[in-house]
Amino acid sequence: MANPLAVYQMAQPLILPVNEPLGLYGRQSSLFQFQNNTESRDYQIEEQRKILVLQYSWNNEVIFEYFEDFGESGTLGIGERVGVTRLLEDIQSGFIKAVYVFLVDRLFRDKLLENVIRFAKACYEKKIIIITSCYIYRVWIAEDYEKFIDDCKLAWKALDLQLNKRMLPMRVFASHLGKYDSRTLNIGYTVDRDKHSCTYKRYVPLPKHAEIVNEKIFLRLIDYGGDAFALMHELEQQEGVHFPWHDDPLFNNKIELLKVPGVGYRIGTYTTLLHILRNPVYIGTWKTDNKEYPGSHEAIVTRQTWDTVQYLLDRRQESIHPHPRNHRRDTLLKGLIMRPFPGCIVSVSPHNGEISLAWKDGENRMHPNRRDIITLATVETMFQDVFTRRVLLDDKCHQYAQAASSLYEAEAKDRVHIQETMNGLETRRRAILDDLENPKMRKKMSERTIEEKYQKVGEIEGEVARLNAVLNRPTKYIPLPDLISLIEQLRANWDSLPPAKIRDVALVFCNGILLTPRSNHIWSFEVQWELWQNDSGIIWLNVGDKYHWFDEDVATLKDLADRDAQLEEVLQALPKFSQTAISNMSLRECGRRIVPKGSHRLDAYMTREDMSIIEQYGIGIDQIAALRGAIKAREFNGNEY
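Described below are features of the structure shown in this document. Just so you know, these numbers come straight off a predicted model, no measurement behind them.

1. Let's talk about the overall build of the protein
Moving on, step 1. When its secondary structure is counted, the protein shows 23 helices and 19 strands.
Moving on, step 2. By the burial criterion, 43% of the 641 residues in the protein qualify as buried.
Moving on, step 3. Long-range contacts, defined as pairs at least 24 residues apart, comprise 61% of the intrachain contacts of the protein with a sequence gap of at least 6.

2. Let's talk about helix α11 (residues 270-278)
Structural remark: α-helix, 3.6 residues per turn; residues separated by three or four positions point the same way.
Moving on, step 1. Among the residues of α11, those classed as buried are Tyr-270, Leu-273, Ile-276 and Leu-277. Each buried residue of α11 sits inside an arc of 120° when the element is viewed along its axis, so together they form one side.

3. With respect to the packing of helix α17 (residues 480-492) against helix α18 (residues 499-509)
Moving on, step 1. Where α17 contacts α18, the axes come no closer than 10 Å and their chain directions differ by 115°. One element, α17, and the other, α18, form an angle in the roughly perpendicular class. Crossing handedness for the pair α17 and α18: left-handed. Here α17 contributes Leu-483, Leu-486, Ile-487 and Leu-490 to the contact with α18, which in turn contributes Lys-501, Ile-502, Val-505, Val-508 and Phe-509.
Moving on, step 2. A breakdown of the residues in the contact of α17 with α18 according to their chemical character gives 8 nonpolar, no polar and 1 charged.

4. Examining the sheet that holds strand β19 (residues 535-540)
Moving on, step 1. Sheet architecture is open: 4 strands sit in the order β13-β17-β18-β19, paired in mixed fashion. Each end of this open sheet is capped by a strand with a single partner; those strands are β13 (337-338) and β19.
Moving on, step 2. Against the sheet, α18 contacts β17 (510-517) and β18 (522-529), and its axis sits at roughly 90° relative to β17.

5. A closer look at the pattern of salt bridges
Moving on, step 1. As enumerated under the stated definition, the model contains 19 salt bridges in all.
Moving on, step 2. One connected set of salt bridges, linked through shared partners, spans Arg-220, Asp-223 and Glu-234.

6. Brief notes about the environment of Ala-581
Moving on, step 1. Note that Ala-581 resides in helix α21 (residues 579-590).
Moving on, step 2. Judged by relative accessible area, Ala-581 falls into the partly exposed class, the value being 25%.
Moving on, step 3. Considered as a pair, Ala-581 and Trp-549 are 32 residues apart in the sequence and their alpha carbons are 9.9 Å apart.

7. What about the nonpolar core?
Moving on, step 1. Formed by 39 residues in total, the largest nonpolar core has its most connected members in Phe-383, Phe-387, Leu-515 and Trp-529.
Moving on, step 2. Where this core is concerned, the elements lending two or more residues are β15 (354-359), α13 (376-392), α14 (397-437), α17, α18, β17 and β18.
Moving on, step 3. When residues of this core are assigned to their parent elements, the largest contribution, 7 residues, is made by α13.
Moving on, step 4. Every residue in contact with Phe-383, bar those within four places of it in the chain, is listed here: Leu-332, Leu-333, Leu-336, Ala-506, Cys-510, Ile-513, Phe-525, Val-527 and Trp-529.
Moving on, step 5. Judged by nonpolar contacts, the second largest core, of 37 residues, contains Ala-210, Leu-273, Leu-277 and Tyr-282.

8. A closer look at unusual backbone geometry
Moving on, step 1. Here Lys-127, not a glycine, exhibits a phi torsion of approximately 55°, which is positive.
Moving on, step 2. Relative to the helices and strands, Lys-127 resides in the loop between α6 (114-126) and β4 (129-131).
Moving on, step 3. Residue classification places Lys-127 among the partly exposed positions, given a relative accessible area of 47%.
Moving on, step 4. A positive phi is found at Lys-201, a non-glycine position, where the angle reads about 65°.
Moving on, step 5. Mapped onto the elements, Lys-201 comes out in the loop between β6 (189-191) and β7 (203-205).

9. Considerations on helix α22 (residues 608-616)
Moving on, step 1. Within α22, burial applies to Asp-610, Met-611, Ile-613 and Ile-614. Projection of α22 onto a plane perpendicular to its axis shows the buried side chains occupying an angular sector of 165°, all on one side. Exposed residues lying more than 90 degrees from the buried face of α22 are Glu-615 and Gln-616.
Moving on, step 2. Taken from the residues just after α22, Gly-618 is the one with a positive phi, measuring 65°.

10. Quick word on the pairing of strand β16 (residues 370-375)
Strand residues, when the strand is regular, have side chains that alternate between the two faces of the sheet.
Moving on, step 1. Of the two faces of β16, only the one carrying Arg-370, Asp-372 and Ile-374 is buried; Arg-371, Ile-373 and Thr-375 on the other face are not.
Moving on, step 2. Two strands pair when backbone bridges link them, and β15 and β16 are joined in this way by 6 bridges, in the antiparallel orientation. Bridging across to β16, Ile-355 finds its partner in Ile-374.

11. Some thoughts on the packing of aromatic side chains
Moving on, step 1. The full count for this structure, using the stated rule, is 19 aromatic pairs.
Moving on, step 2. Ring plane angle 20° and centroid distance 4.3 Å describe the contact between Phe-229 and Tyr-270, whose orientation is recorded as stacked. Here the residue Phe-229 occupies a position in helix α9 (residues 228-237), and Tyr-270 occupies one in helix α11, the gap between them amounting to 41 residues.
Moving on, step 3. The lysine or arginine in question, Lys-147, covers the ring of Tyr-135, its NZ or CZ lying 4.8 Å from the ring centre.

12. Some thoughts on the side chain of Asp-248
Moving on, step 1. As for its placement among the helices and strands, Asp-248 is situated in the loop between β8 (243-244) and α10 (249-254).
Moving on, step 2. A residue is classified by how much of its surface remains accessible, and Asp-248, at 9% relative accessible area, is buried.
Moving on, step 3. For Asp-248, the side chain forms a polar contact with the side chain of Arg-193, separated by 2.8 Å.
Moving on, step 4. With residues up to four places along the chain from it excluded, the contact list for Asp-248 reads Thr-190 and Arg-193.

About the cut-offs
- Residues numbered from 1 in each chain as written.
- Predicted model: local features only at pLDDT ≥ 70, side-chain atom pairs only at ≥ 80, totals over all residues.
- Heavy atoms only, no water.
- Helix = DSSP H or I, 4+ residues; strand = E, 2+ residues; numbered from the N terminus.
- Buried < 20%, exposed > 50% of the residue type's maximum accessible area, 1.4 Å probe, protein only.
- Contact = heavy atoms within 4.5 Å.
- Arc of directions from axis to C-beta.
- Axes fitted to C-alpha atoms, helices over the stretch in contact; angles between N-to-C directions.
- Parallel < 35°, antiparallel > 145°, perpendicular 65-115°, else oblique.
- Left-handed = near helix turned anticlockwise from the far one by under 90°.
- Nonpolar A, V, L, I, M, F, W, Y, C, P; charged D, E, K, R; others polar.
- Pairing = 2+ DSSP bridges.
- Salt bridge = Lys/Arg side-chain N within 4 Å of Asp/Glu carboxyl O.
- Core = buried A, V, L, I, M, F, W, Y, C linked by side-chain atoms within 4.5 Å.
- Phe/Tyr/Trp six-rings, centres within 6.5 Å; stacked < 30°, edge-to-face > 60°.
- Lys NZ or Arg CZ within 6 Å of the ring centre and 35° of its normal.
- Polar contact = N/O pair within 3.5 Å; in protein donor to acceptor, adjacent residues only side chain to side chain.

Purely geometric stuff here, so don't read any function into it on its own.
Here's what the structure looks like:
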């Protein structure tokens, strides 16, 4: 018998809950698309909200955006994409009552429909309306529920046909023939796109760049005796660009150097420079799938120059690191220190007992030239203190452990399955390539068979790459009995476990430790917990390397000197610099000290920014003095440090 309630629901006119919270979801598959296909991005971000307000009369105040997945593939599932995961959680909690997305393929491109069914089930239970540009799904109605799943299935089939069965196989087939396969372009070359040319879809030298690559990079490195750092510094000092502009959209989309539109390109990092020097593409060798095809295209660099450069680089590398580095010591902080700002390189060195934070202070720099060192033991002690207080002594610790273990258990099971799948795919891929590389076997194959086999290799490589990206994400799963046991061991004796085990437990509860520069001598310390509010504090550095004198700072200093400004005005006008630093710089720039050096007092080594930060945290200067061992300053003035 038909469900009378379902009949009643279908007979109802469509009434949209325009005053209830709606989730506006958007996604593009890759960072390249997000940066270059701005029409799609702008449409999903801006125009869809207008459609909801103007066409559907939705209350603009209750439209909530879920745009975290721009640059993510739709093949990634729930738990792998932030935006769709957060949207599902808000649907399950009852907060979101409707969803708007341009097309269902923005939500999912799921081969096995596991994520689609999970999402549709939640929408069914909460009676969610899903609005797209071509259909409105009342998911609690059977017909619409099935149509949503069918449309998601079609979205996967469209992707599978276009990408896995057409684009990727043909790309692999072309790549093994030495033809361009949409990879990143190497400076010095462009792609011949003339269909009537014998070098169609192959690398051809771009003369205005090829000459620079040969003379200004390879031959110049030989002049420096293989010292790539010296070559890097020469390139840093060069004004303008290293290579002139090439007006070609494909070239500019695929080149990974720093671009100055209409002007040219700069080599952005030391790593990029080394990649150029080590890349055999410049002697005409094409590489794909760990295979090399010499003589595939015209060389830019002679074999003799190439061999000389490789010899000099290898010899210099051996002289810098003649013995293997000592990696025997370990620390519980490895993998926990977060990057404080873009471009900062964080290195945790247990052997040296330090955390290094390095960065570049200018656009033309190719290698970090500024560095601060934080003592590793300091951060370890601070983390141990808050970790002990938050986790090991918390009465609800076992409840938290159970919740965390359950949260990551499903992910761990998926990882085992993914690894087994990858192993099987890799075995199949290797077997196909063995047949193709066997002259006797290949001779028996028709051209069509060879092409089909390369297509199959392309399908497998695409799937392996996708699965590998998921597998490489760090996991926080520890089986609950093991996790409880580790916690009890830590409670009994912190030193009973090696740093790696303590780190495993910490990662279950902790998202990371953020060290952020606050002033010349002070870094803030913040532990970001998964389950609790963050813990924070500050770290005092006796030596700072963040702030340097720029032209505008020197101009301010000279103006203060001309006006014979008083001490307090000088310190307020230059808050990033200490009294001692200002005194020394004024002697160099103005020929006299506009403020006394005050080297016998601690506060003369502190900046006004330092003073402001320690006041925020309620720390007295006497505590900083104790850290510096500066109590002897009382001998000069009993009231000052």
